[in-house]
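Structural characterization, general
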Amino acid sequence: MIEKVQPGSPAARAGLRPAQRDQRGKLVSLGDIILAVNGRTMRNASEVTQTIARYRPGDRVNLTIWRNGRRLDVAVTMIARR
């Protein structure tokens, strides 16, 4: 599940949605859940992080996500990490 999306980031530009929490940290709504990266099914958050880290700035990555009970495909163009 996506916990945070930095403003102006590739994730933000692609429209990915983070989890929403109240002031006490209680989960109010789920964020998008990444199911696959470029068609490869992800088993856990660590695998998502490791897979995405292999791409270079300028690479276009297709994510399959779960949002509000539906599968969606979202394209993200990678940038250099700050």
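Our subject in this report is the structure included herewith. Starting afresh in each chain, residues are numbered from 1 along the sequence in its written order. In keeping with the predicted nature of the model, local features appear solely for residues at pLDDT of at least 70, side-chain atom pairs appear and are counted solely at 80 or more, and the whole-chain, interface and lining totals rest on all residues. Side-chain calculation: all heavy atoms of the structure are included, whereas hydrogens and water are not.

Attention now goes to the sheet that holds strand β3 (residues 33-37). Strands pair, by our definition, only if DSSP identifies at least two bridges between them. Each helix is a run of H or I in the DSSP string that is no shorter than four residues. Each strand is a run of E no shorter than two, and both are numbered from the N terminus. Ordered in space as β4-β3-β5-β6, the four strands form an open sheet in which the pairing is antiparallel. Edge positions in the sheet fall to β4 (40-41) and β6 (70-77), since each of these pairs with one other strand and no more. Here strand β5 (residues 60-67) runs beside β6; their pairing, made up of eight bridges, is antiparallel. Residue pairing in the sheet places N62 in a bridge with A75 of β6.

A few words on the pattern of salt bridges. Think of a salt bridge as a Lys or Arg side-chain nitrogen and an Asp or Glu carboxyl oxygen that are within 4 Å of each other. For the structure shown, the criterion picks out four salt bridges. Between R67 and D32 there is a salt bridge, and its shortest N-O distance comes to 2.7 Å. With a gap of 35 residues between them, R67 in strand β5 and D32 in the loop between β2 (27-29) and β3 connect regions that are remote in the sequence. For the pair shown, R67 and D32 are each scored as buried. Of the charged contacts, one joins E47 and R40 as a salt bridge, the two residues approaching to 2.9 Å between their closest N and O atoms. Each of R40, R43 and E47 takes part in salt bridges that share partners, so that together they form one network. Per-residue accessibility, obtained with a 1.4 Å probe over protein chains only, is compared with the maximum for each type, and a residue is labelled buried under 20%, exposed over 50%, and partly exposed between these values.

Turning next to a nonpolar patch on the surface. Patch rule: a residue counts if its relative accessible area is over 30% and it has no salt bridge; like charges are joined within 9 Å, and nonpolar side chains (Val, Leu, Ile, Met, Phe, Trp, Tyr) within 5 Å. Areas reported here follow the Shrake-Rupley algorithm with a probe of radius 1.4 Å; residue values treat only the protein chains shown as occluding. A grouping of M1, L27 and L30 is seen on the molecular surface, where their side chains present a nonpolar patch of about 280 Å² in accessible area. Relative to the elements of secondary structure, M1 occurs in the segment before α1 (10-13). Judged by relative accessible area, which is 39%, M1 ranks as partly exposed.

Further remarks concern unusual backbone geometry. The backbone of N38 shows a phi angle near 50°, a positive value even though the residue is not glycine. Along the chain, N38 falls in the loop between β3 and β4. A positive phi angle, close to 50°, is found at N68, a residue other than glycine. Examined against the element boundaries, N68 turns out to sit in the loop between β5 and β6.

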